[in-house]
Amino acid sequence: MKPPIVEKVEITEFTHELKDIGSEGTISIPIYEPGSTLTSSKFAIRIFSDVGITGEYIGGSKTEYSAIPMFIRAVIGRSALAREAIYNDAKQALRQHARMGMSQVDMALWDLAGKLFDMPVYQLLGEYRTKLPAYASTYVGDNQKNGGLSSPEAYADFAEQCFGMGYKAFKIHPWQDAPLDKQIALVEAVGKRMSGKMDLMLDPFCAYKTFGDAIKVGRACDDWGYYWYEDPFKDGGVSAFAHRKLREIIKTPLLQLEHQRGLEQHVDFIVADGTDFVRIDQDYDGGVTGTMKIAHAAEGFGLDVEPHGPGAVRRQCMAATRNSNYYELGLVHPSCENFVHGPYFLDGYSDDLDAIDADGCVSVSDKPGIGVEIDWDYIDKHQVDRVVYD
Ligand SMILES: [Mg+2]
């Protein structure tokens, strides 16, 4: 067929206000803070074609979009279906720029293709399932005594609440700065209450100061049979050598690779024995094209890929992947809404705590493309900046 040609790419920055959320600490992590309002910066990309079909995606950070001018000439005037060629050209053009921005372009192109063929992305890729088991992925711990995640018992209460709602798995993002004995008490309290009922995961988001601290907490995970232990310490989650050593010392499976971008980096880390589960992220790893390459590479090693963060495009990819266990529904908290997604979808798309069904699953949209209807009136009203490339 004669393919649609990309005529214009538009990037819009807009804001979304989040109630009862502040940001804490030296690394500005969103955190439950009653009475505070956090103004969150969001980005939407639109790719316009000569046949009137537009690919759309919301996601990615300012840093990602800052690299778009480095490769946008590989996109404008080209076939909107040439995703594989654009992926490869962008990878080369961005080799000195951490391959930023190519993911968001790729996802908008997949959305465009889905709309062109009137089919959701997961059917274009090849359907494997339509129900996706989800885990409740908590906010980082706070210090709010009422309704917060301020103590090991508060986390255990919340895990029990999630189990009651139907969740089969629960992931702790612990405190950024709590002493190590409190971090271990947290693993124990949730383990003691919920181990054997739900799969439990721990993601310290690289907060523990040393390899030794990672071992001490990892041994507590071993005691309670945690399902995975993710990015434990301040190497930043990138040392294959350190994580191979950690795997020799503790029993709990590790989940790494959120912080290594791209197919080759993932495969190198797997070959170096640095992880058990393989993290993928559509915003970091080259969009649908890049993450599906990693999913299939991992499949060849007999390993599972686990998508990072929520979102409609993650659901589309997971619905076309056998070797994946859980959708990350988060961040969730007993007292505030998810900061990852806001009110800019017209069809009620949500990744809030109650987005699961009675079996603890979320579903994949059957609508064409990524399958969400974006509220452009909301975005226009909250616009901060708009850049057009044509
Ligand atoms: Mg993580």
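**Student:** How should the domain arrangement of the protein chain be read in this particular structure?
**Tutor:** Interface size is commonly expressed as the accessible surface area that is lost when the partners come together. Assigned domains of the protein chain: these are domain 1 (6-119 + 371-389) and domain 2 (124-363). Centre-to-centre separation of domain 1 and domain 2, based on C-alpha positions: 24 Å. At the interface, 39 residues of domain 1 touch 35 residues of domain 2. Counting residues per element, the side of domain 1 that touches domain 2 draws most heavily on helix H3 (residues 102-117), at 9 residues.

**Student:** Looking at this structure, I do not really get the pairing of strand E9 (residues 277-280). What am I missing?
**Tutor:** Looking along a regular strand, one sees side chains alternate from face to face of the sheet. Of the two faces of E9, the one carrying Phe 277 and Arg 279 and the one carrying Val 278 and Ile 280 are both buried. Bridge analysis of strand E8 (residues 254-256) against E9 gives 2 bridges, and the strand direction is parallel. Its bridge partner lying in E9, Leu 255 is registered against Phe 277. The parallel pair E8 and E9 is bridged by helix H9 (residues 263-271), and the resulting crossover is right-handed. Note on the crossover from E9 through helix H10 (residues 287-300) to strand E10 (residues 305-307): the handedness is right-handed.

**Student:** Looking at this structure, how should I read unusual backbone geometry?
**Tutor:** Trans peptide bonds make up most of the peptide bonds, and negative phi angles are found at most residues other than glycine. Of the consecutive residues Gly 330 and Leu 331, the connecting peptide bond is found in the cis state with omega at 5°. Positionally, Leu 331 belongs in strand E11 (residues 327-332). In this model, Arg 99 sits at a positive phi of 55°, which is unusual for a non-glycine residue. The residue Phe 205 is not glycine, and still its phi comes out positive at about 40°. As for its position among the elements, Phe 205 is in the loop between strand E6 (199-202) and helix H7 (211-223).

**Student:** Hey, could you run me through the packing of H9 against H10 in this one?
**Tutor:** A pair of packed helices is characterised by two quantities: the angle between their axes and the separation of those axes. Where H9 meets H10, the axes come as close as 9 Å, and the angle between the chain directions of the two elements is 25°. Compared by their axis directions, H9 and H10 come out roughly parallel. At the point where H9 passes H10, the crossing takes the right-handed sense. Of H10, the residues touching H9 (which contributes Leu 263, His 266, Val 267 and Ile 270) are Gly 290, Lys 293, Ile 294, Ala 297 and Ala 298. Here the contact of H9 with H10 is built from residues that sort into 6 nonpolar, 2 polar and 1 charged.

**Student:** How do you make sense of the pairing of strand E13 (residues 383-389) when you look at a structure like this?
**Tutor:** Of all 7 residues that make up E13, 0 are buried, and the element is exposed over most of its length. Sheet analysis places strand E1 (residues 6-24) next to E13, joined by 6 bridges and oriented antiparallel. Note on E13: the bridge partner recorded for Phe 14 is Gln 383.

**Student:** How should helix H5 (residues 152-165) be read in this particular structure?
**Tutor:** Each full turn of the α-helix corresponds to 3.6 residues, which orients residues three or four apart in the same direction. Taking 1.5 Å per residue, 14 residues should reach 20 Å; H5 reaches 20 Å between its end C-alpha atoms and fits that length. For H5, the complete set of buried residues consists of Pro 152, Ala 154, Tyr 155, Ala 156, Phe 158, Ala 159 and Cys 162. Contacts from the buried residues of H5 go to strand E4 (131-140), strand E5 (169-173) and helix H6 (180-194). Taken from the residues just after H5, Gly 166 is the one with a positive phi, measuring 120°.

**Student:** Help me understand the environment of Ile 270, please; the structure alone is not making it clear to me.
**Tutor:** Tracing the chain through its elements places Ile 270 in helix H9. The class for Ile 270 is buried, based on 21 C-beta atoms found within 10 Å. Along the chain, Ile 270 and Glu 24 lie 246 residues apart, while their C-alpha atoms are 34 Å from each other. Dropping the residues within four chain positions of it, Ile 270 is found in contact with Thr 275, Val 278, Ala 298, Phe 301 and Leu 303.

**Student:** What's the story with the environment of Gly 360 in this structure? I'm lost.
**Tutor:** Within the secondary structure, Gly 360 sits in the loop between E11 and strand E12 (361-363). By the C-beta count within 10 Å, which is 23 here, Gly 360 ends up buried. As a C-alpha pair, Gly 360 and Ile 68 span 292 residues in sequence and 38 Å in three-dimensional space. Once residues within four sequence positions are removed from consideration, Gly 360 is found in contact with Pro 133, Ala 134, Gly 166, Tyr 167 and Lys 168.

**Student:** I keep staring at the sheet that holds strand E2 (residues 29-49) and nothing clicks. Help me out?
**Tutor:** Within a sheet, each strand pairs with its neighbour through backbone hydrogen bonds, oriented either parallel or antiparallel. Strand order in the open sheet made by the 4 strands is E3-E2-E1-E13, with antiparallel pairing throughout. The sheet terminates laterally at strand E3 (54-58) and E13, the two strands that pair on one side only. Shown here is a sheet whose adjacent strand axes are inclined to one another by a mean of 15°, direction ignored. Pairing of E2 with E3, which is carried by 5 bridges, proceeds in the antiparallel orientation. Following the sheet pairing, Ile 45 is matched in E3 by Tyr 57. Along the sheet, H3 makes contact with E2 and E3, crossing E3 at roughly 135°.

Calculation criteria
Counting from 1, residues in each chain are numbered in the order their sequence is written. Residues qualify for local features only when their pLDDT is at least 70, as the model is predicted, and side-chain atom pairs are given and counted only at 80 or more; totals for whole chains, interfaces and linings, by contrast, use all residues. Delimitation of the domains relies on an automatic or database domain assignment. Residues are defined as contacting one another if the C-beta atoms placed from their backbone atoms lie within 7 Å. Secondary structure elements are defined from DSSP: runs of H or I of at least 4 residues count as helices, runs of E of at least 2 residues count as strands, and each element is numbered from the N terminus. For the exposure call, what matters is how many other C-beta atoms sit within 10 Å of a residue's own: 20 or more marks it buried, 12 or fewer exposed, and in between partly exposed, using C-beta atoms placed from the backbone. The criterion for strand pairing is that DSSP finds at least two bridges linking the strands in question. A clockwise path from the first strand over the helix to the second, with the strands pointing away from the viewer, defines a right-handed crossover. Between N-to-C directions, angles span 0 to 180 degrees; the directions come from axes that are lines fitted to C-alpha atoms, helices contributing only their stretch in contact. Roughly parallel means an angle under 35 degrees; roughly antiparallel, over 145; roughly perpendicular, 65 to 115; everything else is oblique. Helix crossings are classified by the rotation of the near helix relative to the far one: an anticlockwise turn of less than a right angle makes the crossing left-handed, while a clockwise turn makes it right-handed. Ten residues, namely Ala, Val, Leu, Ile, Met, Phe, Trp, Tyr, Cys and Pro, are considered nonpolar, four, namely Asp, Glu, Lys and Arg, are considered charged, and the remaining ones, Gly among them, are considered polar. Between the first and last residue of a helix there are one fewer steps than residues, each counted as 1.5 Å, and that sum is the expected span.

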